[in-house]
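Chain by chain, the residues:
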Amino acid sequence: AAGVIQSPRHLIKEKRETATLKCYPIPRHDTVYWYQQGPGQDPQFLISFYEKMQSDKGSIPDRFSAQQFSDYHSELNMSSLELGDSALYFCASSWDGGWAGGYNEQFFGPGTRLTVL
Amino acid sequence: DAKTTQPPSMDCAEGRAANLPCNHSTISGNEYVYWYRQIHSQGPQYIIHGLKNNETNEMASLIITEDRKSSTLILPHATLRDTAVYYCIVNYDKVIFGPGTSLSVIP
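Rules used throughout
- Residues numbered from 1 in each chain as written.
- Chains lettered and ligands numbered in written order.
- Predicted model: local features only at pLDDT ≥ 70, side-chain atom pairs only at ≥ 80, totals over all residues.
- Heavy atoms only, no water.
- Helix = DSSP H or I, 4+ residues; strand = E, 2+ residues; numbered from the N terminus.
- Rg over C-alpha atoms; globule rule 2.2 N^0.38 Å.
- Buried < 20%, exposed > 50% of the residue type's maximum accessible area, 1.4 Å probe, protein only.
- Contact = heavy atoms within 4.5 Å.
- Areas by Shrake-Rupley, 256 points an atom, 1.4 Å probe, with all protein chains shown as cover.
- Lys, Arg positive; Asp, Glu negative; His and termini not counted.
- Charge placed at Lys NZ, Arg CZ, Asp CG, Glu CD.
- Core = buried A, V, L, I, M, F, W, Y, C linked by side-chain atoms within 4.5 Å.
- Buried area = accessible area lost by both parts, 1.4 Å probe.
- Nonpolar A, V, L, I, M, F, W, Y, C, P; charged D, E, K, R; others polar.
- Disulfide = S-S within 2.5 Å.
- Pairing = 2+ DSSP bridges.
- Axes fitted to C-alpha atoms, helices over the stretch in contact; angles between N-to-C directions.

### Digging into the overall build of chain A
Consideration 1: The helix and strand inventory of chain A stands at 0 helices and 11 strands.
Consideration 2: In chain A, the order of α-helices and β-strands from amino to carboxyl end is β-β-β-β-β-β-β-β-β-β-β.
Consideration 3: For chain A, whose C-alpha radius of gyration is 14 Å, the value lies close to the compact-globule estimate of 13 Å for 117 residues.
Consideration 4: With the principal axes as the frame, chain A shows a C-alpha extent of 40 × 30 × 30 Å.
Consideration 5: Of all 117 residues assigned to chain A, the portion counted as buried reaches 48%.
Consideration 6: In chain A, the proportion of contacts linking residues at least 24 apart, taken out of those at least 6 apart, comes to 55%.
Consideration 7: Within the structure as shown, chain A displays about 5700 Å² of accessible surface, and the carbon and sulfur contribution to it stands at 51%.
Consideration 8: Side chains of chain A carry 10 positive and 13 negative charges; the gap between the two charge centres is 7 Å.

Structure, rendered in structure tokens:
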């Protein structure tokens, strides 16, 4: 079965550079989520999109932005990178379908490991 | 903020059942109980969810108390590959990972 695809899997950047992470959700999934997991920490919710519109926002720094495109893939753009941005970034997708009874299970990608030097 | 309380760590002998408890005393009527797990540095993996009835799937069973203030995830025959951090999550519209339980399955 198709899974969530993230690219690149590894990325090394210098401080103050920019980075773009990409996420390709499972086909027919309409919701994408981004998470950040620092060393030794639990995943932290950053932002989510449903049908190409931002649906929720967590602890995402102002230096970060994201969007979901017409083909449902999503990109997380990170500018003015700091050492503290070094982390695993996970994308997850789900099929929401406008269901009002809570949320459906999220399927996570393998993550992008970002290292800021 | 996480709305759940889980023990930080547990051990389980290989082949035995692993019973992972979770307290969620402030759960509201429309909130589901979800369980995910994360094997070291891999993406979290959905296990099971429930509202008020007990649930079972090919991976695990979920037992929810009648007052819904606590639940237990049961892995019926733990294997070494079940060693992971297990997260109990209670929410309506987002996944908030709190401190989970680090389960070590011992040969």
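### Quick look at the nonpolar core
One recurring pattern in soluble globular proteins: nonpolar side chains tend to sit buried together.
Consideration 1: Core analysis: the biggest nonpolar cluster contains 22 residues, and A:W34, A:L76, A:M78, A:Y89 and A:L114 have the highest contact counts within it.
Consideration 2: If you list the elements that add at least two residues to this core, you get strand 3 (19-24), strand 4 (31-37), strand 5 (44-50), strand 7 (64-68), strand 8 (74-78), strand 9 (87-94) and strand 11 (112-116) of chain A.
Consideration 3: Ranked by size, the runner-up nonpolar core spans 21 residues in total, among them B:C12, B:C22, B:A84 and B:C88.

### Observations concerning the interface of chain A and chain B
Consideration 1: Each partner contributes residues to the interface: chain A has 21 residues there, and chain B has 20 residues.
Consideration 2: Each partner contributes to the roughly 1700 Å² buried at the junction of chain A and chain B, and carbon and sulfur atoms together form 52% of this total.
Consideration 3: Within the residue set of the side of chain A that touches chain B, elements represented by two or more residues are strand 4, strand 5 and strand 9 of chain A.
Consideration 4: Looking at the side of chain A that touches chain B, its residues break down into 10 nonpolar, 7 polar and 4 charged.

### So, the state of the cysteines
Consideration 1: Summed over all chains, the structure comprises 2 disulfides over all chains.
Consideration 2: The partner cysteine of A:C23 in its disulfide is A:C91, sulfur to sulfur 1.7 Å. The chirality of the disulfide connecting A:C23 with A:C91 is left-handed, given an S-S dihedral of about -55°. Linking A:C23 in strand 3 with A:C91 in strand 9, this pair joins segments that are 68 residues apart in sequence.
Consideration 3: For A:C23, a relative accessible area of 0% gives the class buried.
Consideration 4: Judged by relative accessible area, which is 0%, A:C91 ranks as buried.
Consideration 5: Between B:C12, a free cysteine, and B:C22, which holds the nearest cysteine sulfur, the sulfur-to-sulfur gap is 18 Å.

### Some remarks on the sheet that holds strand 3 (residues 32-38) of chain B
All names here are of chain B.
Consideration 1: Taken in spatial order, the 5 strands line up as 1-9-8-3-4 in an open sheet, and their pairing is mixed. The outermost strands of the open sheet, each flanked by one partner alone, are strand 1 (9-13) and strand 4 (45-50). Sheet twist, expressed as the average angle between the axes of neighbouring strands with direction ignored, equals 25°.

### As for the sheet that holds strand 7 of chain A
All names here are of chain A.
Consideration 1: The strand order across the open sheet built from 4 strands is 1-3-8-7, with neighbouring strands paired in antiparallel fashion. Edge strands, defined here as strands with exactly one partner in the open sheet, are strand 1 (5-7) and strand 7. Averaged over all pairs of adjacent strands, the angle between their axes in this sheet comes to 15°, without regard to strand direction.
Consideration 2: Note that strand 3 and strand 8 share 5 bridges and pair antiparallel.

### Digging into the side chain of B:H24
All names here are of chain B.
Consideration 1: Tracing the sequence through the fold places H24 in the loop between strand 2 (18-23) and strand 3.
Consideration 2: H24 sits in the buried class, given a relative accessible area of 0%.
Consideration 3: With residues up to four places along the chain from it excluded, the contact list for H24 reads K3, T4, V33, R68, K69, S70, S71, C88 and V90.

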